[in-house]
Amino acid sequence: YNAFTLKICRTVLLTNFSFSLSLLCSPPVLPHYSVFVSLIDKCDEPLASPLSHTAFTSSSVFSNGYAPGYAKLNRRGGAGGWSPLDSDHYQWLQVDLGSRKQVRAIATQGRYSSSDWTTRYRLLYSDTGRNWKPYHQDGNIWAFSGNSNSESSVRHELQQGIVARFLRLIPLDWSEEGRIGLRIEVYGCSYWSDVINFDGQGVISYRFKVKKMKIIKDVIALRFKTSESEGVILHGEGQQGDYITLELRKAKLQLQINLGSNQYGSILGHTSVTTGSLLDDNHWHSVVIERYRRNVNFTLDRHTQHFRTNGEFDHLDLDYELSFGGMPYSGKPVGGGRKNFKGCMESINYNGDNITDLARRKKLDTSSFRNLSFSCVETHTFPVFFNASSFLQLPGRANHNVVSVGFQFRTWNPDGLLLFSNLDDGILEISLEEGKVIVHINVTTATKNYRVDLSSGSGLNDGQWHAIRLVVKENFAMLTINGEEASAVILTTSLTAASLLVITKSKHFTHLFIVHGGGCRQTWDSFSCTCDGTGYTGATCHTSIYEPSCEAYKHLGRSSDTYWIDPDGSGPLSPFKVNCNMTEDNVWTTVMNNLPPRTLVTGSSREKRTVLQVNYSASIDQVSATITTSAEYCEQHIAYSCRTSRLLNTPDGTPYTWWVGRGSEKHFYWGGSGPGIQKCACGIDRNCTDPKYDCNCDADHKVWREDSGLLVYKDHLPVSQVAVGDTNRPGSEAKLTVGPLRCQGDNYWNAASFTTPSSYLHFATFQGETSADISFYFKTSAPYGVFLENLGNTDFIRLELKSPKVVSFSFDVGNGPVELSVHSATPLNDDQWHRVVAERNVKEAVLQLDQTYRVSRLAPAQGHTRLELFSQLYVGAAGGQRGFLGCIRGLRMNGITLDLEERAKVTPGVKPGCQGHCTSYGMYCRNGGKCVEKYNGYLCDCSKTAYDGPFCTKDVGGFFEAGTLIKYSLAPEPVSSSRDSRLQSHQLWPQEVNLTREELSLSFSTSNAPRCSSTSAPKLRTIWRSLQVRYNLGGLREPFSIDVDQRNLANGQPHNINMSRVDRRITIQMDHYPPVSYTLPDASDTQLNLVKTLFLGKVYETGHVDPAVIERHNSPGFVGCLSRVWFNGVAPLKASDRPLTPVSHQGKLLESNCGASPLTIPPMSAATDPWHLDNTDAEFPFNEERVIPDGVNRDSAIIGGIIAVVIFTILCTLVFLIRYMFRHKGTYHTNEAKGSAESAAESADTAIIGTDNPETIDESKKEWFI
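Per an unreviewed UniProt entry, the chain goes by the name Contactin associated protein 2 and belongs to Neogobius melanostomus. Checking UniProt for the chain, the heading Sequence similarities (unreviewed entry) contains the comment "Belongs to the neurexin family."

Draft legend 1. Region of interest: the overall build of the chain. Secondary structure summary: the chain contains twelve helices and 82 strands in total. Looking at the chain as a whole, 52% of its 1266 residues qualify as buried. In the chain, 70% of the contacts between residues at least 6 apart in sequence involve partners at least 24 apart. Total accessible area computed for the chain in this model is approximately 57700 Å², and 51% of it derives from carbon and sulfur atoms.

Draft legend 2. Quick peek at the pairing of strand E22 (residues 303-308). Only one face of E22 is buried: it carries His303, Gln305 and Phe307, and the other face, with Thr304, His306 and Arg308, is open. Connecting strand E21 (residues 295-300) to the antiparallel partner E22 that follows it, the hairpin turn spans two residues, and Asp301 within it adopts a positive phi of roughly 50 degrees.

Draft legend 3. Inspection of the sheet that holds strand E44 (residues 610-613) at higher detail. As summarised here, the arrangement of the four strands in space is E44-E49-E46-E47, forming an open sheet in which the pairing is antiparallel. Strands at the two margins of the open sheet, each flanked by one partner only, are E44 and strand E47 (666-667).

Draft legend 4. Highlighting a nonpolar patch on the surface. A surface patch of nonpolar side chains, amounting to about 970 Å² of accessible area, comprises Ile1199, Ile1202, Ile1203, Val1206, Ile1207, Ile1210, Leu1211, Leu1214, Phe1216 and Leu1217. Assignment of secondary structure puts Ile1203 in helix H10 (residues 1194-1225). Taking the relative accessible area as the measure of exposure, Ile1203 reaches 46% and is therefore partly exposed.

Draft legend 5. Broad picture of the state of the cysteines. Evaluation of the coordinates by the stated rule reveals eight disulfides. Here Cys680 pairs with Cys695 through a disulfide, and the sulfurs are 2.0 Å apart. The sign of the S-S torsion, about 85 degrees, decides the handedness of the disulfide formed by Cys680 and Cys695: right-handed. In this pair, Cys680 sits in the loop between E47 and helix H4 (681-685) while Cys695 sits in the loop between H4 and strand E48 (705-711), placing the two residues 15 residues apart along the sequence. Here Cys680 matches Cys695 in class, with each residue buried. Here Cys682 engages in a disulfide with Cys688; their sulfurs sit 2.0 Å apart. Across the S-S bond linking Cys682 and Cys688, the dihedral sits near 90 degrees, which makes this disulfide right-handed. Under the relative-accessibility criterion, Cys682 is labelled buried at 7%. Residue Cys688 is classed as buried on the basis of its relative accessible area, which comes to 12%.

Draft legend 6. Structural view of the pairing of strand E12 (residues 183-190). The element E12 is extensively covered by neighbouring structure, given that seven of its eight residues are classed as buried. Note: strand E3 (residues 45-46) against E12, two bridges, orientation antiparallel. For Pro46, the partnering residue across the bridge sits in E12 and is Tyr187. As paired elements, strand E5 (residues 93-109) and E12 share eight bridges and run antiparallel to each other.

Draft legend 7. The arrangement of unusual backbone geometry in detail. Residue Pro718 follows Leu717 across a cis peptide bond; omega there is 5 degrees. With respect to the secondary-structure elements, Pro718 resides in the loop between E48 and strand E49 (721-724). A positive phi angle is found at Lys250, which is not glycine, with a value near 50 degrees. Mapped onto the secondary structure, Lys250 falls in the loop between strand E17 (243-249) and strand E18 (252-258). Residue Lys250 is classed as exposed on the basis of its relative accessible area of 55%. Residues other than glycine seldom take positive phi values, yet Lys362 does so here, at roughly 60 degrees.

Draft legend 8. Inspection of the pattern of salt bridges at higher detail. For the coordinates displayed, the defined rule picks out 32 salt bridges. Glu247 is the partner of Arg338 in a salt bridge, and the nearest nitrogen-oxygen pair spans 3.4 Å. On the criterion of sequence distance, the pair formed by Arg338 in the loop between strand E23 (316-324) and strand E24 (342-350) and Glu247 in strand E17 is long-range, its members being 91 residues apart. The partner of Glu819 in a salt bridge is Lys802, with the nearest N and O atoms 3.6 Å apart. With Glu819 in strand E57 (residues 818-823) and Lys802 in strand E55 (residues 796-803), this residue pair connects regions lying 17 residues apart in the sequence. Relative accessible area serves as the criterion here: at 34%, Lys802 is assigned to the partly exposed category. Each of Arg100, Asp127, Arg223, Lys225 and Glu346 takes part in a single network of salt bridges with overlapping partners.

Draft legend 9. View of the packing of aromatic side chains. Enumeration according to the criterion identifies 22 aromatic pairs in this entry. Ring centres 6.2 Å apart and planes at 90 degrees place the aromatic pair Phe224 and Phe341 in the edge-to-face group. Here the residue Phe224 occupies a position in strand E15 (residues 217-225), and Phe341 occupies one in the loop between E23 and E24, the gap between them amounting to 117 residues. Here Phe224 matches Phe341 in class, with each residue buried. Plain terms: the ring middles of Trp658 and Phe668 are 6.0 Å apart, the flat faces sit at 65 degrees to each other, and that makes the pair edge-to-face. Taken together, the residues Trp658 in strand E46 (residues 658-660) and Phe668 in the loop between E47 and H4 connect sequence positions ten residues apart. Taking the relative accessible area as the measure of exposure, Trp658 reaches 13% and is therefore buried. Taken together, the aromatic side chains of Phe754, Phe776, Phe778, Phe787 and Phe884 make up a single cluster linked through ring pairs.

Draft legend 10. The confidence of the model for the chain, seen in detail. The share of residues in the chain with pLDDT of 70 or more is 77%, and the mean pLDDT across the chain is 77. Predicted confidence is poor over residues 1-40, with pLDDT under 50, and the contacts of this stretch with residues over four places away or in other chains come to 185 contacts. Overall, residues 974-992 carries pLDDT values under 50, and its contacts beyond four positions in sequence, including any with other chains, amount to 30 contacts.

Draft legend 11. Summary view of the sheet that holds E18. The antiparallel open sheet is built from six strands, whose spatial order is E14-E23-E16-E17-E18-E19. Where the open sheet ends on each side, the last strands, each with one partner, are strand E14 (204-215) and strand E19 (270-275). For this sheet, the mean angle separating the axes of adjacent strands, direction not counted, is 15 degrees. Sheet analysis places strand E16 (residues 231-237) next to E23, joined by three bridges and oriented antiparallel. Looking across to E23, one finds that Leu234 is bridged to Phe324.

Draft legend 12. Region of the structure containing the environment of Ser1123. Secondary-structure assignment places Ser1123 in strand E80 (residues 1120-1127). Measuring from C-alpha to C-alpha, the distance between Ser1123 and Gly957 comes to 3.7 Å, with 166 residues separating the pair along the chain.

Draft legend 13. Layout of the nonpolar core. Of all hydrophobic cores here, the largest spans 42 residues; its most connected members are Tyr640, Trp670, Val722, Leu736 and Val738. Among the elements of the structure, helix H2 (550-554), strand E40 (561-565), strand E41 (576-581), strand E45 (633-643), E49 and strand E50 (733-744) are those that each provide at least two residues to this core. At five residues, E50 tops the list of elements feeding residues into this core. Listed in part, the 39 residues of the second largest apolar core include Ile244, Val296, Leu322 and Leu364.

Draft legend 14. Spatial organisation of the environment of Pro817. Position of Pro817 among the secondary structure elements: in the loop between strand E56 (806-812) and E57. Residue Pro817 is classed as exposed on the basis of its relative accessible area of 67%. Sequence separation of Pro817 and Phe796 is 21 residues, and the distance between their C-alpha atoms is 8.5 Å. Excluding its chain neighbours within four sequence positions, the residues that come into contact with Pro817 are Phe796, Phe811 and Asp812.

Draft legend 15. Structural detail: the side chain of Asp1071. For Asp1071, the position within the fold is in the loop between strand E77 (1065-1070) and strand E78 (1076-1079). Overall, the relative accessible area of 17% leaves Asp1071 in the buried class. Engagement of the side chain of Asp1071 in a polar contact is seen with the side chain of His1055, the distance being 3.0 Å. A polar contact is formed between the side chain of Asp1071 and the backbone nitrogen of Asn1056, at a distance of 2.8 Å.

What counts and how
- Residues numbered from 1 in each chain as written.
- Predicted model: local features only at pLDDT ≥ 70, side-chain atom pairs only at ≥ 80, totals over all residues.
- Heavy atoms only, no water.
- UniProt positions renumbered as here; feature names shortened; annotations may be inferred.
- Helix = DSSP H or I, 4+ residues; strand = E, 2+ residues; numbered from the N terminus.
- Buried < 20%, exposed > 50% of the residue type's maximum accessible area, 1.4 Å probe, protein only.
- Contact = heavy atoms within 4.5 Å.
- Areas by Shrake-Rupley, 256 points an atom, 1.4 Å probe, with all protein chains shown as cover.
- Pairing = 2+ DSSP bridges.
- Patch = residues over 30% accessible without salt bridge, like charges linked within 9 Å, V, L, I, M, F, W, Y side chains within 5 Å.
- Salt bridge = Lys/Arg side-chain N within 4 Å of Asp/Glu carboxyl O.
- Disulfide = S-S within 2.5 Å.
- Phe/Tyr/Trp six-rings, centres within 6.5 Å; stacked < 30°, edge-to-face > 60°.
- pLDDT = per-residue confidence, 0-100.
- Axes fitted to C-alpha atoms, helices over the stretch in contact; angles between N-to-C directions.
- Core = buried A, V, L, I, M, F, W, Y, C linked by side-chain atoms within 4.5 Å.
- Polar contact = N/O pair within 3.5 Å; in protein donor to acceptor, adjacent residues only side chain to side chain.

If you want it as structure tokens, here you go:
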């Protein structure tokens, strides 16, 4: 996407002298890359040495023995080579090769046996010997290194081969010991091609073999040169609206192509791409157009733009012919009165046919030419280039009273002197000031001074040619710009011309590499980009300002909203808007469409279907190439409501209606079904209205039916068209709904972990010649390591962690190594994710870390600009570099995300994802625990659960004596002390409370009944006898009571309860029984207002409390064990032993697991744990099992077993004695045996509970227990 701008000026002076003068100047600066037609196996013949002496000319000669004819490589004739009269920067040596040749290399020597040689030089070339062009390489006018002595030969291969007849060498530096000295040789071969001269009238018509061509693939190649800024190079069109046009507009090359628009106008196929600049320089330019379906490569002088045409059609439908050189006379309105091409073309090829050869052999229609010429007619005027210090001085004629000056100019500089001349009695000056032409005439007489000022035009520094004509006569002066009279001034004295006329111009030029529609401001010296409104930023508008996905916005802390995303970053696709839904477990990306819900369709039939176009807020290319490609799952709802309108017919019949998805393919399945199955959702579920059909609508009933469901095969999505074909019968109608496209998952977390210092991944060579942007995330505990590297012959690019606080970006494009480093204030090897963004372009290089640290460096004004790499791209260590240990994810290079995980699957030493992190072991964080990633393992964050322990599986519980209570303050109260202030600021109540819902879960065991287990003031009451739940939310005279279970739950066994309320719906689950739902009366309020306190064990409050709680249950309170208590995000038991929490308690509370069975997690073996730690005091993972070696003696095992049985018997006896003692001391009395008997008599379920939970309930109020 490189726009190149050339710098040329063209000057034609029309004066009152007896001759007209054409001024030609230095060649333009657009890099010239030739496309050769004649191919020779080895194009390396010496071209200069066979030439005669007369083929060599020069700017000057030191003496006869130093003539240019002696400047042949390895020759010793004359003085042994060429030397000019003066050794300065105005000298040159020129060779006439006799005809146009392919030049592939050049070699130089110094003058034989002397101190004269040239150390540095430039190469110019030309077809005519007047209009010169400098040789370019790496986007710059190239300077070749020369010799360091007089005898050795230095040869340079031309990376960009040239075709020319004349060559000119310009010495830039030479021997400090002597003067300029040169002997040269040029290597190449003959060149021949068919050339056609277009006069601006004639057009060559290439007729197709058939009347209409339906073309899926095109290859068009040609070379052209012209001095005109406008002209159609080729054109073809079809009756269906397809066309292809290649033309010059304002000296830029524009390709317009249309593969077709639909009859509704909703698909617009017109595509226009512009490249190049100042192509009216009368130098050869090569063009190649390659198209396959909608993919196009558009190449100008070896610089290629890749793009896809708009619309959804793949074929170029052309009628009759393709014309070269202009528009056909029967052209459609697309012609628009455009000019025909005027200039020369050669080597025209269209899909394998040599158009120039066919025209020479009169196989094509050339009747429109007045005089067809197969040689290039050269123009008689050529441009002249002026730099900051150059000028042209011409002789004038004295004693004339008329001055007439005319010339053309073009520039990007707003100011500069164009012409200056002395008059016999004054001066004449023409200048450009702020883009306007200003003429100053000063006349001095013996009595008075006269000054005449003329101005005309505006914005003339736009790089286009502008014509100036100034006529000054006695008492009259007129200035004309671009043929329009600007002003006329009557002078009161006559003017007399002087003998000197000076023309000046200034400044230099640089290339333009602006992308993504950025604006350009430039002078001859430099350019700058305006990126406003493009969605991109940077020196060349290369870097997107938007995130690539909704997932990325989520990790920036953004909530659900509409966002701009740019999935391909610096790639060709522009940003677009999507809806991001971040409230679910997964982040959903939604792309809306413009089809109204339940769009009415009538009057359609199989012969003439109604096609409804579905257009999205993003183009199909943006959706298909980004969202659906990288998403893990996509869905789109589609619904067809019908009345006497059939949908798909039978699986074997022709469908009445179909839809078109990605790739413009028709699909005959409906929502709820899948590819290859011509059914609707009811056909899959076998519940259609009429079982003989697989869609409800296919029953053809006269009542409204509907077939709807989700389309989930993402390679077919999104739906772009729906063709409806059965609504033309009486009473027949249908309503269509196509929902938005919804996708979840992307490659934001695409990661690989490098487990050894020598491990790396390799990818194809990075193509970042003029613009390279790289971004990725990394985390490591290592102090250094190479992130990635790509090498060329001398060029390279590398990103590296140099030290724990330094990230470096280094590269070399041929001007020497450049390194940028950012220094972090904190260590980067902290096992946390850090983001690196690096960019290099022709203007600057930038390195950014964590959106905090940034460093940049400007590119040199002259020198190499193209990054040429040849090796594979290595991610990680390669070639002996310091290896990277850690994780890299989200690696994007020039907008393309590299699939690290897929490559890591087949690479030793690299594992997909971040092994040992939550992607692999997050499943072990149970009961709502949050997995926290660490490089060498992971931790489970249990702070938001009612559990504790390394896996959030350890029960947090306590034993409640009679009178013991826990008070948890949910609402802060006014406080005065600093300690209370700290407590108030550390509330554990969630930040967002929905007062219309509660979530409660706990485990309990008791042998005392009835007792109060927990209550929350002011309105929620949860009471156990058997089990009763009481609600008082307002609106009712008496609290709403729910008798959950009439069994005796005070049986000493653990029981679990899970309860939730949403508005009036209450759901309760006891133990392993199915959930049961209850509904509050309509008169009841649904808001739990004034939430203040949560009590466990008993209620201690002075306000209005449910009398049933106070009178019947509150006096003794709950006696037994509570664990796993969780209420709307609050774990009061867990908080009771934490500092600075709003919890207080009365009575003695002892920690106990309450007989609840902890979840056992099998330990991981070292073989399956990549982050296994050898140290025994590591926090995680751990394994306390002992593995018995194979060599253990069998007798030892038997003896150990006997000892274990004896110890177990002794322990059981001790337990029995201790329990018996405590029973008789009266400290604690249990009814466990009695309760068990009662439960056995009540039901078999209670017996099962007792069997499934054999653990002994430890309810000792002592601070020690067994």
